[in-house]
Structure formats: structure tokens, C-alpha cells
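Spelled out from the first residue to the last, the chains are:
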Amino acid sequence: MVYIETLTSSLWIEDDSEVHRYSLAFDQLRAIAVSPDESAELISRAADRLQMERGPANHAQQPDRPCHPHLAEEPAQ
């Protein structure tokens, strides 16, 4: 069984041939994925590179503002 969740809906897939295709796709993703330690190092290097590109004057941010607008939490309603 495969469960897929999107922003607006979800889907359960039970057909054996479709489940098999998803299984193969995830096997391929796992095979090419880097380890958690390698992921952390990759993210750290990218953050360092971004910080160097922005420079010290642009790196400072206001404490109550996220560094990227897409990372901001939506206001509670």
C-alpha cells in the first residue's frame, strides 16, 4: 500500500503493480541519497556559502523576522 499526501488531498494506492513502481522509485532514491551526516555537511556548506555571498552587512536580521519569507509561520486565526 502507498499513501500520498498533497497540500489539498491524500491518496491510498493498493494496486500491486502501482505499489511495485513506487517501491522501485523509493529504492532508487535510497540508493542515491547521502547519509544524514553528509546531508548535514552539505547544508552547512551551502549556508556558509550563502552567508559569504550576502556579506556581513546583509547577514544581520531582526530577531522577530525569519531570514526567508517562506519560512515564516502563518498567523494563528
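Asker: For this particular structure, what's the right way to read the packing of aromatic side chains?
Answerer: When we look at a pair of aromatic rings, we describe it by the centre distance and by the angle of the planes. Applying the stated criterion to the full structure yields one aromatic pair. Each ring, one from tyrosine 3 and one from tryptophan 12, has its centre 4.6 Å from the other, and the planes form 45 degrees; the classification is tilted. Assessed through its relative accessible area of 39%, tyrosine 3 is described here as partly exposed. Residue class for tryptophan 12 comes out exposed when judged on its relative accessible area of 52%.

Asker: I tried to follow the environment of glutamate 14 on my own but got confused; where do I start?
Answerer: Along the chain, glutamate 14 turns up in the loop between strand E2 (10–13) and helix H1 (16–32). Classification of glutamate 14 by relative accessible area gives exposed; the value is 57%. Between the C-alpha atom of glutamate 14 and that of methionine 1, which follows or precedes it by 13 residues, the distance is 4.8 Å. Every residue in contact with glutamate 14, bar those within four places of it in the chain, is listed here: Met1 and Val19.

Asker: How do you make sense of the pairing of strand E1 (residues 2–5) when you look at a structure like this?
Answerer: Remark: a regular strand shows side chains that alternate across the two faces of the sheet. Of the pairings in the sheet, the one linking E1 to E2 comprises four bridges and is antiparallel in character. Looking at the pairing, valine 2 lines up with isoleucine 13 of E2. Between E1 and the antiparallel strand that follows it, E2, lie four residues.

Criteria and thresholds
Residues numbered from 1 in each chain as written. Predicted model: local features only at pLDDT ≥ 70, side-chain atom pairs only at ≥ 80, totals over all residues. Heavy atoms only, no water. Phe/Tyr/Trp six-rings, centres within 6.5 Å; stacked < 30°, edge-to-face > 60°. Buried < 20%, exposed > 50% of the residue type's maximum accessible area, 1.4 Å probe, protein only. Helix = DSSP H or I, 4+ residues; strand = E, 2+ residues; numbered from the N terminus. Contact = heavy atoms within 4.5 Å. Pairing = 2+ DSSP bridges.

The analysis is restricted to geometry; functional conclusions fall outside its scope.
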